[in-house]
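Structural characterization, general
Below are the chains, spelled out letter by letter.
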Protein chains: 2
Amino acid sequence: IIFEAVRAHFSPKSAELKGQHWIITAGPTMEAIDPVRFISNHSSGKMGYALAKAAADLGAEVTLISGPTNLAMPSGVKRVDVKSAQEMLYACRVAAADQADVFIGAAAIADFRVKDVATQKMKKQSNENEMQLTLIKNPDIIATLSSEDAAKYFIGFAAETQNVVTYAKDKLEKKGLDLIIANDVSRSDIGFNNDQNQVVVLSKDAQWTPEKASKTELAKHLVNIIQTFQTEQPK
Amino acid sequence: IIFEAVRAHFSPKSAELKGQHWIITAGPTMEAIDPVRFISNHSSGKMGYALAKAAADLGAEVTLISGPTNLAMPSGVKRVDVKSAQEMLYACRVAAADQADVFIGAAAIADFRVKDVATQKMKKQSNENEMQLTLIKNPDIIATLSSEDAAKYFIGFAAETQNVVTYAKDKLEKKGLDLIIANDVSRSDIGFNNDQNQVVVLSKDAQWTPEKASKTELAKHLVNIIQTFQTEQPK
């Protein structure tokens, strides 16, 4: 039944999401070590940007909160640029001042940031062969926003290298999400920094497995799955 | 005298460096934490790429050993792509199998890498608020190559946020360099990720202060300073 509903949505551009505000995060975060060094990750931002475009194409008002990427701004989308996870959380809260309809956390947010960020470039101590970098946990942005009811529906991502479905289901529950989009980043043909992606979408009770597709095509499928979910489980 | 010599070099394209092999490193290095996370820095690679182009334009055979950048390949240059500092050192040694004429270390190489790189994505432990990342010192590429006589002339960079000249002179001696190009990366109008740059060039006995210029223009000045140095101190 769900697949029929999804297929039915593949009609020419419409304004089915008109009146809805979607907040979508994208890209990596960049956590400063000192003025020149940082910790980041290999997220290109392509999936989040594609989702923003797909939602905007269906008439949604989209706020795209983006870490540093090299991607062109999608048309019809409001973009807010951030670097660190803390900046991203702040920008999300500002965007969700009035409860949003949908929040999609597609950014690859650093779990940890550097505890004491150096204000000057750290000098290498020639007598020390090792050094400890103390990291402190970043806020879990989607779990925090979910606990604050910042949106009606929360959709998360789980980028895993093993036990993909098990870890994803676990995240879905712990973070208070409605849907989680899981993918296996250990596969070099899909995911991070790649144009193709293949995912499994999980709700508490259901599972969707869209075919491997370009991120642009997949984004349309995912937006339609979210619409279907909204219809089936109205809030 | 030196300024005259420099000016004299600003003639139309020539083959003054024909027969010379220059090895130039550029860009940041990327040190893996696990399959998705890494430590890097804000180097854009522009200065190194501009130097490669300037040297190639004067007829040098140039090997550009580049960390991850978004820059277009300069024409007339052989590029070798690397990620980590260890890969960069290996690539430099391969390129310098026959002693090079000039080695310019324009890459912003991570001083430290992660000691134990995780082969799976690290899972966030929900009960731990802090974690220690143990870093181990990377090889000092230019100092290592200088000690191995991999090139006749060694030119390094010093990106500093304070005491620029003092730190740079110190590096010149410790690393066995002929020239060091120092800049103040605490200034947001020049240096890292910026098209403009202003530097001080130091040898053991002399100092040059080219005007603030685009990295392309500055690269031409710097190559001419290096040529002048070769002429004055033949090896």
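Fair warning: this is a prediction, and the values are worked out from it, not measured in the lab.

Time to look at the overall build of chain A. Along its length, chain A carries six helices and 14 strands. Evaluated residue by residue, chain A yields a buried proportion of 55% over its 235 residues. Partitioning the intrachain contacts of chain A with sequence separation of at least 6 by distance along the chain shows that 63% fall at a separation of at least 24.

Superposing the two chain copies requires a rotation about an axis and a translation along that axis. Overlay of chain B on chain A (RMSD 0.0 Å): rotation 180°, translation along the axis 0.0 Å. Both chain copies can therefore be described as sitting about a two-fold axis. Taking C-alpha positions as reference, the residue of chain B nearest the rotation axis is Ile-39 of chain B, located at 2.2 Å. With an isologous cut-off of 70% or more, the 100% of interface residues of chain B that recur at the interface of chain A puts this contact in the isologous class.

Quick look at the pattern of salt bridges now. For side chains of opposite charge, pairing can occur when their charged atoms come near one another. Under the definition given, this model contains 24 salt bridges over all chains. The salt bridge partner of Asp-178 of chain B is Lys-235 of chain B, with a shortest N-O separation of 2.6 Å. With Asp-178 of chain B in the loop between helix H5 (164-174) and strand E10 (179-184) and Lys-235 of chain B in the segment after helix H6 (215-232), the pair connects residues that are 57 residues apart, well separated along the chain. A residue is classified by how much of its surface remains accessible, and Lys-235 of chain B, at 56% relative accessible area, is exposed. Beyond isolated ion pairs, a larger network of salt bridges with shared partners links Asp-34 and Arg-37 of chain A together with Asp-111 of chain B.

Looking now at the interface of chain B and chain A. A common measure of how large an interface is: the accessible area buried when the components associate. Listed as interface residues are 40 residues of chain B and, on the opposing side, 40 residues of chain A. Inspection of the chain B/chain A interface yields four salt bridges. Linking chain B to chain A there are 17 residue pairs in polar contact (both at pLDDT 80 or more). The set of elements that each furnish at least two residues to the side of chain B that touches chain A consists of strand E3 (37-41), strand E8 (130-137), strand E9 (151-160) and H5 of chain B.

A few words now on the sheet that holds strand E6 (residues 100-105) of chain B. Residue and element names in this part refer to chain B. Read across the sheet, eight strands follow the order E5-E4-E1-E6-E9-E10-E12-E13 without closing on themselves; strand pairing throughout is mixed. Only two strands of the sheet have a single neighbouring strand rather than two, namely strand E5 (77-81) and strand E13 (207-208). Where E9 lies against E10, six bridges are found, and the strand directions are parallel. Along E10, the bridge assignment pairs Ile-155 with Leu-179. Sheet contacts for H5: E9, E10 and strand E12 (200-202); angle to E10, the most-contacted strand, approximately 155°.

On to the packing of helix H2 (residues 46-57) of chain B against H6 of chain B, then. All names here are of chain B. Running from N to C, H2 and H6 cross one another at 55°; their axes reach a closest spacing of 8 Å. The angle between the axes of H2 and H6 places the two elements in the oblique class. Read as a crossing pair, H2 and H6 show a hand that is right-handed. Across from Lys-46, Met-47, Ala-50, Leu-51, Ala-54 and Ala-55 in H2, the residues of H6 making contact are Lys-215, Thr-216, Leu-218, Ala-219, Lys-220, Leu-222 and Val-223. Here the contact of H2 with H6 is built from residues that sort into nine nonpolar, one polar and three charged.

All right, on to H5 of chain B then. Residue and element names in this part refer to chain B. Among all positions in H5, only Val-164, Ala-168, Lys-171 and Leu-172 are buried. Axial view of H5: buried residues confined to an arc of 105°, hence all on one face. Opposite its buried face, H5 presents the exposed residues Thr-166, Glu-173 and Lys-174, each directed more than 90 degrees away. On its buried face, H5 is in contact with E9, E10 and E12. Following H5 by one or two positions, Gly-176 adopts a phi angle in the positive range, close to 70°.

Quick look at the sheet that holds strand E8 (residues 130-137) of chain A now. If you walk across this open sheet you meet the four strands as E7(A)-E8(A)-E8(B)-E7(B), and the pairing is antiparallel. The sheet is open, and its two borders are formed by strand E7 (112-114) of chain A together with strand E7 (112-114) of chain B, each paired with just one other strand. Recorded for the sheet is a direction-independent mean angle of 45° between the axes of neighbouring strands. One ladder, built from three bridges, connects E7 of chain A with E8 of chain A; its direction is antiparallel. Considered in E8 of chain A, the bridge of Arg-113 of chain A is made with Ile-136 of chain A.

What counts, and where the lines are drawn
- Residues numbered from 1 in each chain as written.
- Chains lettered and ligands numbered in written order.
- Predicted model: local features only at pLDDT ≥ 70, side-chain atom pairs only at ≥ 80, totals over all residues.
- Heavy atoms only, no water.
- Helix = DSSP H or I, 4+ residues; strand = E, 2+ residues; numbered from the N terminus.
- Buried < 20%, exposed > 50% of the residue type's maximum accessible area, 1.4 Å probe, protein only.
- Contact = heavy atoms within 4.5 Å.
- Least-squares fit on C-alpha atoms with pLDDT ≥ 70 in both.
- Salt bridge = Lys/Arg side-chain N within 4 Å of Asp/Glu carboxyl O.
- Polar contact = N/O pair within 3.5 Å; in protein donor to acceptor, adjacent residues only side chain to side chain.
- Pairing = 2+ DSSP bridges.
- Axes fitted to C-alpha atoms, helices over the stretch in contact; angles between N-to-C directions.
- Parallel < 35°, antiparallel > 145°, perpendicular 65-115°, else oblique.
- Left-handed = near helix turned anticlockwise from the far one by under 90°.
- Nonpolar A, V, L, I, M, F, W, Y, C, P; charged D, E, K, R; others polar.
- Arc of directions from axis to C-beta.

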